[in-house]
Amino acid sequence: MPPSKTKTRSAWLLLGLLAIACGSLYIPGLTGALYYDDIRPLSGLASVVDLDSALYYLSSEISGPLGRPLAMLSFLVHVEDWPGAIENILLFNVLLHLVNGTLVALLAHQLLSLRGLPGSVPSWIAVGAAALWMLMPLQVSSSLIAVQRMATLSAFFVLAGLLIHLRGIAIEDRRPALGATLQALGLVGFTLLAMFTKENGILLPVFALVIQATLLADRTSPGCLRLLRTVAGGGTLAIILAYLAYSAFRSGGVFGGREFNLLERIQTQPLILLEYLREAFAPRPYGLHPFHDGYPKVSSLAEQPDALFAAILWPTLTVLAIRFRRRHPVAAFAVLWFLAAHLLESSVVGLELYFEHRNYLALFGPCFALAWAVGRTPLPYRRVAIAGFAAYLATLAAILFHVTSLWGDKLDAAETWFVHAYKSPRAAEHLALLYLEQGRLDEAYQIMRIQVDDCPECLASVTQAALLACAAGDEQRTRDYFNQAERLAIDAHNVGGAVSALNAMHNAVEEGKCTLLGYDQLEALNRSLLRQQTAGLGALSRKAVHINLQRIAMARGDADTALEHLKEAWA
């Protein structure tokens, strides 16, 4: 057997061993918790008993305009696991991550082969890129938050579609018809599959355009195939940009229910993109967690030099990448791929500012570039570069194990994140809930008092504090927190979670766990929130407020009012 084939086989064998090792490093995290976004998509599994209820479940998700039915279909596998065997849901996620890591290696190998790299070099660089991508601790949130399977399964279809697309390019000279068919299948068919898993799957043709404009810029194709690929990718990019422009215009510069406006989001995102890269390549173990809702916005670039630097850096890098894409194709590919992956979720749409899972696909470009740099280091220094890269991977693996071990210990993780998550209402509420599950009411109450001191404008936190004060029998603080909640309901921007907190308060009053508040006060606060925050509450939150009011009316025996609120809820 030629030495090059032996080395190639060794590279792929190493990838298999690395995938097994990576899976082992994730095992401690399988005993982790459910988080804020997990409950709504997964709780419906309890109602699945037959084909009709299963079909209803598939069509019940409202996270995006397409309903994400393929992601919901994957959750149907866990009907028997809900709610007592969450570890099986997380295990599926981890296995999917390992499959995606394999696809990353195959995709990188195909790209390098199309560039004409000889012998076993493509295999070793591809394995290095995949190993780096799989072992990054920043990727933990994509696998150990159950609902983020929507992101990783969509990524599976994107990676598979690009691989099929590139395979079509590889054979287009020898078998034009089959090559064109595979290219179309990869671009069109798998884009649809990815989109019906999570909407940002529409970026697949844009990724293909980035590849063609950088790594394959000098490649010719028979007939009009290259032109058709450019039109497909460019047309998709134009549609996305038009949608972003429309979204920005429609928002009027204001995002309902957010503490930031359009300008502040645009000023903050470049800095966040730099922070994503820092956490990816130089991770802080306690900085990797699910709770970034307290991330500080950038209100003035003039007052934050680091944000100003980031705001200048990214447009500059974009221009340089486009300008020098032929001279430095790998560097240009890394920059443009990373930015393309963040085009929808990190631009002008009024989503939350910071989520780690947005980097799941985005990091492929930088990982590919770093593995390329190591693999193409001049011969006198290549062994040193490879040894350094191996040591770096071992360091990432150690940090990954530390992070997954923390995530797997629910209470320890919640206590740690409460300290390290910057003023996060969700981190506080998550810890308080775990304390309550253990019957530790006083500690839960103390946590929410601390949270309200840190964020007195957070309506959900103040409402939760009022509830716990009531349950603890603290009459004065119950009155103070409730009055504070009434004031905030008028003009507070941060109203996220307040509706569910009011529902929990109703349960506590109904069950006799909160005797210092009554239905009159609950009704007044619900009505105030509905009346004053109509623009800030989404449709689901308004529906939930009407359901709260309907429950209050039923508790009073007022069936007519209850029916009116039920009609409003369904409207």
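Residues numbered from 1 in each chain as written. Predicted model: local features only at pLDDT ≥ 70, side-chain atom pairs only at ≥ 80, totals over all residues. Heavy atoms only, no water.

Attention now goes to the state of the cysteines. Using the criterion set out here, one finds two disulfides in the structure. Between the sulfur atoms of Cys455 and its disulfide mate Cys458 the distance is 1.8 Å. Since a negative S-S torsion denotes a left-handed disulfide, the Cys455-Cys458 link at about 65 degrees is right-handed. Comparing Cys455 with Cys458 shows no difference in burial state: the two are buried. Sulfur-sulfur distance for the disulfide between Cys470 and Cys514 comes to 1.8 Å. Measuring handedness by torsion sign, the sulfur bridge of Cys470 and Cys514 sits at about 100 degrees and is right-handed. Within this pair, whereas Cys470 is found in helix α20 (residues 459-472), its partner Cys514 is found in the loop between α22 (498-510) and α23 (519-532), the two being separated by 44 residues in sequence. For the pair Cys470 and Cys514, one class covers both residues: buried. Each disulfide in the protein links cysteines that, numbered along the sequence, combine into the pattern 1-2, 3-4. Looking at Cys367, it has no disulfide partner, and the nearest cysteine sulfur is the one in Cys22, 12 Å off. Residue classification places Cys367 among the buried positions, given a relative accessible area of 0%. (Disulfide = S-S within 2.5 Å. Buried < 20%, exposed > 50% of the residue type's maximum accessible area, 1.4 Å probe, protein only. Helix = DSSP H or I, 4+ residues; strand = E, 2+ residues; numbered from the N terminus.)

Along helix α17 (residues 410-420), the positions that sit buried rather than exposed are Leu411, Ala413, Ala414, Thr416, Trp417 and Phe418. In the core, the buried residues of α17 are packed alongside α16 (379-408), α18 (425-437) and α19 (441-454). (Contact = heavy atoms within 4.5 Å.)

Once that is clear, we can look at a nonpolar patch on the surface. Residues Leu13, Leu14, Leu17, Ile20 and Trp124 make up a contiguous nonpolar surface patch of roughly 500 Å² in combined accessible area. When residues in the nonpolar patch are grouped by element, the largest group, four residues, is from helix α1 (residues 3-26). Ile20 sits in the exposed class, given a relative accessible area of 57%. (Patch = residues over 30% accessible without salt bridge, like charges linked within 9 Å, V, L, I, M, F, W, Y side chains within 5 Å. Areas by Shrake-Rupley, 256 points an atom, 1.4 Å probe, with all protein chains shown as cover. Salt bridge = Lys/Arg side-chain N within 4 Å of Asp/Glu carboxyl O.)

Another point: the packing of aromatic side chains. What describes a pair of aromatic rings is the distance from one ring centre to the other and the angle between the planes of the rings. This model, assessed by the stated rule, comprises 19 aromatic pairs. Ring geometry for Phe333 and Trp337: centres 5.4 Å apart, planes at 50 degrees, overall tilted. Residue Phe333 and its partner Trp337 are located together in helix α14 (residues 329-341), separated by four residues, close to a single helical turn. Residues Phe333 and Trp337 agree in their burial class; the two are buried. Ring geometry for Phe364 and Phe368: centres 5.9 Å apart, planes at 55 degrees, overall tilted. Here Phe364 pairs with Phe368, and both are found in helix α15 (residues 364-375), just four residues apart, close to one helical turn. Among the residues examined, Phe368 registers a relative accessible area of 0% and is labelled buried. Feature note: the residues Tyr35, Tyr36, Phe291, Trp407 and Trp417 constitute an aromatic cluster, connected by ring pairs. If you follow Arg426 out to its NZ or CZ, it ends over the ring of Tyr36, 4.1 Å from the centre. Here the basic side chain of Arg449 rests over the ring of Tyr445, its NZ or CZ set 5.4 Å away from the ring centre. (Phe/Tyr/Trp six-rings, centres within 6.5 Å; stacked < 30°, edge-to-face > 60°. Lys NZ or Arg CZ within 6 Å of the ring centre and 35° of its normal.)

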